[in-house]
Amino acid sequence: MSNTTAAGNKGPTRVAIVMGSTNDWEVMQHAARQLKEFGVAFEARALSAHRTPHLLAEFVEQQVAGGTQCFIAGAGGAAHLAGVVAALTTLPVLAVPIPSKHLGGLDSLLSMVQMPKGIPVATFAIGDGGAANAGLFAVAMLALADRELASRLQAFRTRQADAVKAVTLPELS
Ligand code: RP5
């Protein structure tokens, strides 16, 4: 992925995905994949709170003006990206801690989950599962005012439950 906007499904953007580095895309693509699966239009962009703070602020401003309904922010290390995005908008910000080289993402998780009172971010699990769940959570939020999306989400849950029910454990050898 280049550091340019990657559009998802058709229609006006409803969810903006932002990540601190193009290297975060490997994890953040899992949020994008969920949004794509549910037909939710999104944009994804690599922008850093510390390397490109002004560009980040511009991006948030543009997204808000364009009608985006929530942000998903992924970052690693001293991960202040989600907090900075949340400081710039009252829209919900879902934070995904990216696994880091030295601390495995615990640093990212604590940086996000320990936001001081007043500027909340909703923090998900470290890595791929957290990114996918952030995508699903964004779908659930949008589904509050979108019956069609709500029924797709219910169908997804049913398929998921059916898949669990269909599996049998292997016989002991
Ligand atoms: C953070 O620093 C990014 O979110 C990334 O997870 C981490 C390392 O960035 P790179 O050196 O891989 O670009 O800003």
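The structure under discussion appears in the preceding block.
If you're wondering where the values come from, they're calculated on a predicted model, not measured in any experiment. (Residues numbered from 1 in each chain as written. Predicted model: local features only at pLDDT ≥ 70, side-chain atom pairs only at ≥ 80, totals over all residues. Heavy atoms only, no water.)

## Structural notes on the side chain of T13
Then, in step 1: Its location among the elements puts T13 in the loop between strand 1 (6-7) and strand 2 (15-19).
Then, in step 2: The exposure class of T13 is buried, given its relative accessible area of 13%.
Then, in step 3: Within the local environment of T13, its side chain forms a polar contact with the side chain of E43, the two groups lying 2.6 Å apart.
Then, in step 4: Every residue in contact with T13, bar those within four places of it in the chain, is listed here: A41, F42, E43, Q63, G67 and T68. (Helix = DSSP H or I, 4+ residues; strand = E, 2+ residues; numbered from the N terminus. Buried < 20%, exposed > 50% of the residue type's maximum accessible area, 1.4 Å probe, protein only. Polar contact = N/O pair within 3.5 Å; in protein donor to acceptor, adjacent residues only side chain to side chain. Contact = heavy atoms within 4.5 Å.)

## Regarding the pattern of salt bridges
Once their charged atoms are close, side chains differing in charge can pair, the charge on each being opposite to the other.
Then, in step 1: Applying the stated rule across the entire model yields four salt bridges.
Then, in step 2: Taking the shortest distance from any N to any O, the salt bridge between R14 and D146 comes out at 3.2 Å. Linking R14 in the loop between strand 1 and strand 2 with D146 in the loop between helix 5 (128-143) and helix 6 (147-166), this pair joins segments that are 132 residues apart in sequence.
Then, in step 3: Judged by its relative accessible area of 22%, R14 is partly exposed. (Salt bridge = Lys/Arg side-chain N within 4 Å of Asp/Glu carboxyl O.)

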